[in-house]
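What the coordinates show
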Amino acid sequence: MRLKSLFYIFLFFAFNNIYAQNHVTDSLHNEHDHGSHKNELGIANSPVYLLHEKNFCYGLHIHYLRNISDSRFGFGFGFERIFDEHKHNTFGLVAKYMVIDELSFNISPGIMLEDENLKKINFALHLETEYEFDIDPFCIGPVVECAFDAEDIHLSIGLHFGIVF
């Protein structure tokens, strides 16, 4: 229950930050090149909480994203590995929307397989938000994820690190 409360608190502050900054930054968007990099190779490390199994385990997420020129959108693909007893592997397409230059929301539909039964394929959906601090050619910041598949729902809060080029 505590993790769920922390997740809601994070969402409250993220949306509150978006609302406040949109009023201040609307006039600056024409001067700033949002998505100044074309490509990102990223990795996220996080503890993952599996809601149905009621336990924590380690999660690793890797993605490649390409920003669309002169827009706040990007696309790419991702892979997530959850190191639990089932050894979840998720492959997905990623769509990215940058709300402000530092904050983005990602949605990733894909497929989930387990090492123990590679023939059993389940649909998966990942929803993610990340706040990035740019330190050219890197970006780093917190990431929050909620994912759904036929087996379980999982939540994670971790650290995102990316190389932009």
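None of the values given here were measured: they were computed from a predicted structure.

1. Regarding a nonpolar patch on the surface
Where nonpolar side chains cluster on the molecular surface, the patch consists of Leu41, Ile62, Ile135, Phe138, Phe161, Ile163 and Phe165 and spans about 620 Å² of accessible area. With respect to the helices and strands, isoleucine 62 occurs in strand 2 (residues 55-67). On the basis of relative accessibility, which here comes to 37%, the residue isoleucine 62 falls in the partly exposed class.

2. Considerations on unusual backbone geometry
For residues other than glycine, phi is negative in most cases, and the peptide bonds are mostly trans. Between aspartate 136 and proline 137 the backbone carries a cis peptide bond, its omega angle lying at 5°. Within the fold, proline 137 resides in the loop between strand 7 (133-135) and strand 8 (138-149). Located in the positive-phi region is lysine 54, a residue other than glycine, with phi close to 55°. In this fold, lysine 54 is placed in the loop between strand 1 (39-50) and strand 2. Phi angles above zero are rare outside glycine, and aspartate 70 is one such case at about 55°. Considering the arrangement of structural elements, one finds aspartate 70 in the loop between strand 2 and strand 3 (73-83).

3. Regarding the pairing of strand 4 (residues 88-98)
Taken together, the 10 bridges between strand 3 and strand 4 define a ladder with antiparallel strand orientation. Across the sheet, the residue bridging to phenylalanine 75 is alanine 95, located in strand 4. What sits between the antiparallel neighbours strand 3 and strand 4 is a turn of four residues, in which lysine 87 has the positive phi angle 55°. Here strand 4 pairs with strand 5 (residues 103-114) via nine bridges, running antiparallel. If you follow histidine 88 over to strand 5, its bridge partner there is glutamate 114. From the end of strand 4 to the start of strand 5, which pair antiparallel, there are four residues.

4. Considerations on the environment of proline 142
Looking at where proline 142 falls in the secondary structure, it is placed in strand 8. Look at proline 142 and you get partly exposed, because its relative accessible area is 32%. Along the backbone, proline 142 and threonine 129 are 13 residues apart, and their C-alpha atoms lie at a distance of 8.5 Å. If near-sequence neighbours (up to four positions away) are discounted, proline 142 is found in contact with Thr129, Glu130, Tyr131, Phe133 and Gly158.

What counts as what
- Within each chain, residue numbers correspond to sequence positions counted from 1 in written order.
- Per-residue local features are limited, in this predicted model, to residues with pLDDT of at least 70; the limit for side-chain atom pairs, both in listing and counting, is 80 or more; totals at the level of whole chains, interfaces and linings are taken over all residues.
- The side-chain numbers reported here are obtained from all heavy atoms of the structure, hydrogens and water having been left aside.
- To count toward a patch, a residue needs a relative accessible area over 30% and no salt bridge; like charges are then connected within 9 Å, while nonpolar side chains (Val, Leu, Ile, Met, Phe, Trp, Tyr) are connected within 5 Å.
- With residues, only the protein chains shown are counted as cover, and all accessible areas are computed by Shrake-Rupley using a 1.4 Å probe.
- Between Lys or Arg on one side and Asp or Glu on the other, a salt bridge is scored when a side-chain nitrogen of the former is within 4 Å of a carboxyl oxygen of the latter.
- The secondary structure listing takes helices from DSSP runs of H or I that are at least 4 residues long and strands from runs of E that are at least 2 residues long, numbered from the N terminus.
- When a residue's accessible area, from a 1.4 Å probe over protein chains only, is under 20% of the maximum for its type it is buried; when over 50% it is exposed; and in between it is partly exposed.
- Note on pairing: two strands pair once DSSP finds at least 2 bridges between them.
- In this description, contact between two residues means that some pair of their heavy atoms is separated by no more than 4.5 Å.

Treat this as a map of the structure, not an account of what it does.
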